[in-house]
Structures are given as structure tokens and as C-alpha cells.
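# Topology and contacts: notes
The residues making up each chain are set out below.
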Amino acid sequence: MPFQFHLDILDWIFKGILIGIVASAPMGPVGVLCIQRTLNKGRWYGFVTGVGATVSDFIYALITGFGMSFIVDIINNTQNRFMFQILGSLMLMAFGIYCFRSDPTKKIHVSGSKKGSLIHNGITAFLVTFSNPLIIFLFMATFAQFAFVLPKHPFHMCVGYLSIICGALLWWFGLTWLIDKVRNKFDNSSIVIINKIIGSVVIIFSLLVLIGTVFNLYTFHY
């Protein structure tokens, strides 16, 4: 069944990339910091800020996956899996609503005037992101919805985690590219607008996933 094998891997890559983007996209403190550094120091300083955040998110993704692996037998039950996917959708929706209503500029972390090294910028971004373990709840929601935990399939899990990294890096690369292109027209109100757009997308996506789960329009298999 080589064809099915490749389809499974592609499915896992897609899930991982999507989870990585969802985890990185909201304009929290590190997102605002990434934008500030892109505007004040240059695109690559903004990108390494995203890289630092990605390392932190990856650690929390591993912690989440490791913890959920202990209850995978419970999740494997059809009825329990359905409830977990419903819960995951509702958590994603709540996260989207919070993202839409929040104003990240109110708790803005002012970027220093000195550029510093790329490594220093990456490390400080890692520390800012790692200080917020609430990201675990977002990973729990996405892992539950996408049936992402497969402790008996380490190869699939490795591919999935690498895909999470790729998805996060794609987001930060795209964001810094966009900010660099429109730097002359960008201000704090633009950050709020981006955050509302991201929140709206997450709300719509979670609603579609919730409807699909309730009416059994698709199934993510473990």
C-alpha cells in the first residue's frame, strides 16, 4: 500500500503546518515584537524573533503531545473522540473570539533602539513566548480536533512535529515579508486590524470544523 502511505504522510504534513500557523498567527506580545523589530531593525531581525517564538512553541507542542499520549486509549473510543473534537472546536472558537476582541498594542513591548545580534533577538523572543504556557491549551485544542497524537506511530509524529515548525516559520517569514513591504504605511492600528482578521479567520475555521464534526462531514482518524 505505498500510495496510501504517501497519502497518510501528506495528511500529517498538512495537519502539522496548519497547527504551526494557528499557534503563531495571533498578535500576542511576541507577534507585536516581531513587527516592531521588522520596522525598526530590519526584516531578518523580525524573522529571528519569530524563530525564537517557534522554538518555544515547539517545546510546548512536545509537552502537549507527550501528555495527551497517556490518554490516547480514551480518545480512541469513538464517542470520546467525538467529544474531544467538539471540545477542541469550541476551544478554538473561544480563542478566536478572544483574539478578535483583544488589543495587543495595549501591552506592547517596546523594542530597544540598539539592533543587537540576531542570536540575542531570537533568545529574547524565545523567553517572551516561553513565559506564556497558556499556548498549551491552544495545542490541546488543535491536537484533539486533528487527531494529532499517535504514540504508536513515532515516524508520523516526527513528521507532524517538523511540519509544525515549518508552518510556524512560514507564518513568520510571510509576516515579516509583508511588514517590510508596507513599512511606510504601518502603525499600531494596523496591528489591531491584523489581529481582528486573524481572530475572524480562526472563528470561521472553528465553526466550519464544528459543523463538520457534528454532522459527520469528515473524520480525522487516529
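Going by the structure above, here's the rest.
All of the points below concern the structure found in this document. (Residues numbered from 1 in each chain as written. Predicted model: local features only at pLDDT ≥ 70, side-chain atom pairs only at ≥ 80, totals over all residues. Heavy atoms only, no water.)

## Regarding the overall build of the protein chain
For the protein chain, the helix and strand inventory stands at nine helices and zero strands. Across the protein chain, helices and strands are ordered from the amino to the carboxyl terminus as α-α-α-α-α-α-α-α-α. Across the 222 residues that make up the protein chain, the buried fraction comes to 45%. By sequence separation, contacts in the protein chain at least 24 residues apart represent 88% of the contacts at least 6 residues apart. Accessible surface computed for the protein chain: about 11,900 Å², of which carbon and sulfur atoms make up 73%. (Helix = DSSP H or I, 4+ residues; strand = E, 2+ residues; numbered from the N terminus. Buried < 20%, exposed > 50% of the residue type's maximum accessible area, 1.4 Å probe, protein only. Contact = heavy atoms within 4.5 Å. Areas by Shrake-Rupley, 256 points an atom, 1.4 Å probe, with all protein chains shown as cover.)

## Details of the packing of helix 3 (residues 43-68) against helix 6 (residues 118-130)
Remark: helix 3 packs on helix 6, axes separated minimally by 7 Å, with the N-to-C direction vectors making an angle of 40 degrees. It follows that helix 3 is oblique to helix 6 by the angle criterion. Both helix 3 and helix 6 take part in a crossing whose hand is right-handed. Within the contact between the two elements, helix 3 uses Trp44, Tyr45, Val48, Thr49, Gly52, Ala53, Val55, Ser56, Asp57, Ile59 and Tyr60 and helix 6 uses Leu118, Asn121, Gly122, Ala125, Phe126, Thr129 and Phe130. Here the contact of helix 3 with helix 6 is built from residues that sort into eleven nonpolar, six polar and one charged. (Axes fitted to C-alpha atoms, helices over the stretch in contact; angles between N-to-C directions. Parallel < 35°, antiparallel > 145°, perpendicular 65-115°, else oblique. Left-handed = near helix turned anticlockwise from the far one by under 90°. Nonpolar A, V, L, I, M, F, W, Y, C, P; charged D, E, K, R; others polar.)

## As for the nonpolar core
One finds Ile19, Phe139, Phe143, Phe148, Tyr161 and Ile164 to be the most contacted residues of the largest nonpolar core, which totals 21 residues. Within the residue set of this core, elements represented by two or more residues are helix 1 (2-24), helix 3, helix 7 (135-145) and helix 8 (154-181). Top contributing element to this core by residue count: helix 7, with six residues. Contacts of Tyr161, omitting those with residues within four sequence positions, involve Phe58, Ala61, Leu62, Gly65, Phe66, Phe143 and Phe148. Formed by 19 residues, the second largest nonpolar core is a distinct cluster that contains Trp171, Trp172, Leu175 and Ile198. (Core = buried A, V, L, I, M, F, W, Y, C linked by side-chain atoms within 4.5 Å.)

## Remarks on the packing of helix 3 against helix 8
Close contact between helix 3 and helix 8 brings their axes to 9 Å; oriented N to C, the two are set at 155 degrees. Viewed along their axes, helix 3 and helix 8 adopt a mutual orientation that is roughly antiparallel. Here the hand of the crossing between helix 3 and helix 8 comes out right-handed. Taken together, the residues of the contact of helix 3 with helix 8 sort by class into 16 nonpolar, five polar and two charged.

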